[in-house]
Amino acid sequence: MPEHQTLQEIALQAKSPFELRVDLGKNVPESDVRSALTTGDMGFLHSFTTGSTLDGPGIRVVAWTSGCQWRCLYCHNPDTWKMTNGLPVRVERAAEELRKYRHGLKTMAGGFTLSGGEPLLQHRFAVKLFTAAKSMGIHTALDTNGNLGFRLTDEDLQSIDLVLLDIKTWDPERHRRLARRLGALHRPIWLRYVLVPGLTDDCEDIARVAGFAAWIGNVERVDVLPFHQMGRYKWKELGLEYELEGVAPPSNEVVESACAVFRKAGLKAF
Ligand code: SF4
C-alpha cells in the first residue's frame, strides 16, 4: 500500500477476490489482534465483492475474510491464509458497507455471503456481521470448510440462513461434525466440491461424499466446482511452491460424471 494511504482509505472492494492483497494488517499490534478475535468487534477482511452469482442464491455481496489453517493445494487465494494480510475492519464499517446494498439484494433475491479464507477463524466477528445483516433483512450465507464449526453455538447458527459447506475430500471427521449438527438443526446446506483431476476426482471417494451428503438429509444442492488455474500467479507472487502447475481443468465430461455420482445418491448436482 502507498505510504500515505491510511487503513481507512483502502477500499473494501477489491477488483476481484483474485486481487493479491498482502500485509494490510501487519502493523496491528498482536494484543489488538487477540482482542479482535475475542470480541469480534474487528475482523480482518481480504475484500468485499459485489454481484456474485456463485456464492449462494441470487446476487450476492461477498466479504472474504483472511486467515485459514488449511493449505489446500488448489487454493486460489493463498493471500487469504495469513490473517494480517487482510484489512482490519471494525464490524460497524463492514455492516455499513452491507447497508449500501440492502435494497438491491432484496430485490434480486440475493444476500450476503461470508467466505474466505476460513471465516470461522474469526467466528465472533462472523456472527456479529451476520446478526447485523439479518437485522437489515438480508439473507445470510456462510462459506466454510466446517472444521471449526464447533465454535458456533446453536443460537449462532440461527443467524446463518444457509451454509455453503466445502467438502475438500473424503476426510472423515474434519467436515462431518458440522454437517451432522446442521442436519439435526434442519439448517439448509449447499455442498461444494472442488473437482481437481488426479486429486479429488476418484469416483469411489465422490460416491462416499455423496452417500454422506444424502444421509444428512438437508443438502439442498451440490455444486461441483471445476478446478481452475486463476490463482496460480498468487502462489508465485507469494513465493509458494505450487504443486498443481501442470494440472488442466477437468473436462465437461468429467464434471458431468462427478455430478452423476451425486445425482445417483438422490442429490441435485450442478
Ligand atoms: S480452506 Fe479455502 S482458503 Fe483455506 S486453503 Fe483451502 S481453499 Fe484456501
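Residues numbered from 1 in each chain as written. Predicted model: local features only at pLDDT ≥ 70, side-chain atom pairs only at ≥ 80, totals over all residues. Heavy atoms only, no water.

Asker: Provide a residue-level description of the overall build of the protein, including the pertinent values.
Answerer: Along the backbone of the protein there are 9 helices and 8 strands. Its C-alpha radius of gyration of 18 Å places the protein within 12% of the 18 Å reference for a compact globule of 270 residues. Based on the C-alpha atoms only, the size of the protein along its principal axes is roughly 55 × 40 × 35 Å. Among the 270 residues that make up the protein, the fraction classed as buried is 53%. Within the protein, contacts between residues at least 6 apart in sequence are counted, and of these 73% link residues at least 24 apart. Carbon and sulfur atoms provide 54% of the accessible area of the protein, an area that totals close to 12400 Å². Both charge centroids of the protein, one from 33 positive and one from 33 negative side chains, sit 4 Å from each other. (Helix = DSSP H or I, 4+ residues; strand = E, 2+ residues; numbered from the N terminus. Rg over C-alpha atoms; globule rule 2.2 N^0.38 Å. Buried < 20%, exposed > 50% of the residue type's maximum accessible area, 1.4 Å probe, protein only. Contact = heavy atoms within 4.5 Å. Areas by Shrake-Rupley, 256 points an atom, 1.4 Å probe, with all protein chains shown as cover. Lys, Arg positive; Asp, Glu negative; His and termini not counted. Charge placed at Lys NZ, Arg CZ, Asp CG, Glu CD.)

Asker: Run through the site of the ligand, naming residues and quoting values.
Answerer: Near the ligand the following residues occur: C68, W70, R71, C72, C75, W81, G117, N145 and K168. Considering only residue class, the shell around the ligand consists of 5 nonpolar, 2 polar and 2 charged. (Near = heavy atom within 4 Å. Nonpolar A, V, L, I, M, F, W, Y, C, P; charged D, E, K, R; others polar.)

Asker: Tell me what's going on with the pattern of salt bridges, and back it up with residues and numbers.
Answerer: Evaluation of the coordinates by the stated rule reveals 19 salt bridges. Through salt bridges with shared partners, one network takes in D55, D143, D166 and R192. (Salt bridge = Lys/Arg side-chain N within 4 Å of Asp/Glu carboxyl O.)

Asker: Break down the packing of helix α2 (residues 91–99) against helix α4 (residues 123–135) for me, citing the residues and quoting the values.
Answerer: Axes are the key here: two packed helices are described by the angle between their axes and the distance separating the axes. One way to put it is that α2 packs onto α4 with a least axis distance of 10 Å and a crossing angle of 35°. Taken as a pair, α2 and α4 cross one another with a handedness that is right-handed. Two secondary-structure elements touch here, α2 through V91, A94, A95 and L98 and α4 through F125, K128, L129, A132 and A133. (Axes fitted to C-alpha atoms, helices over the stretch in contact; angles between N-to-C directions. Left-handed = near helix turned anticlockwise from the far one by under 90°.)

These results come straight from atomic positions and should not be treated as a statement about function.
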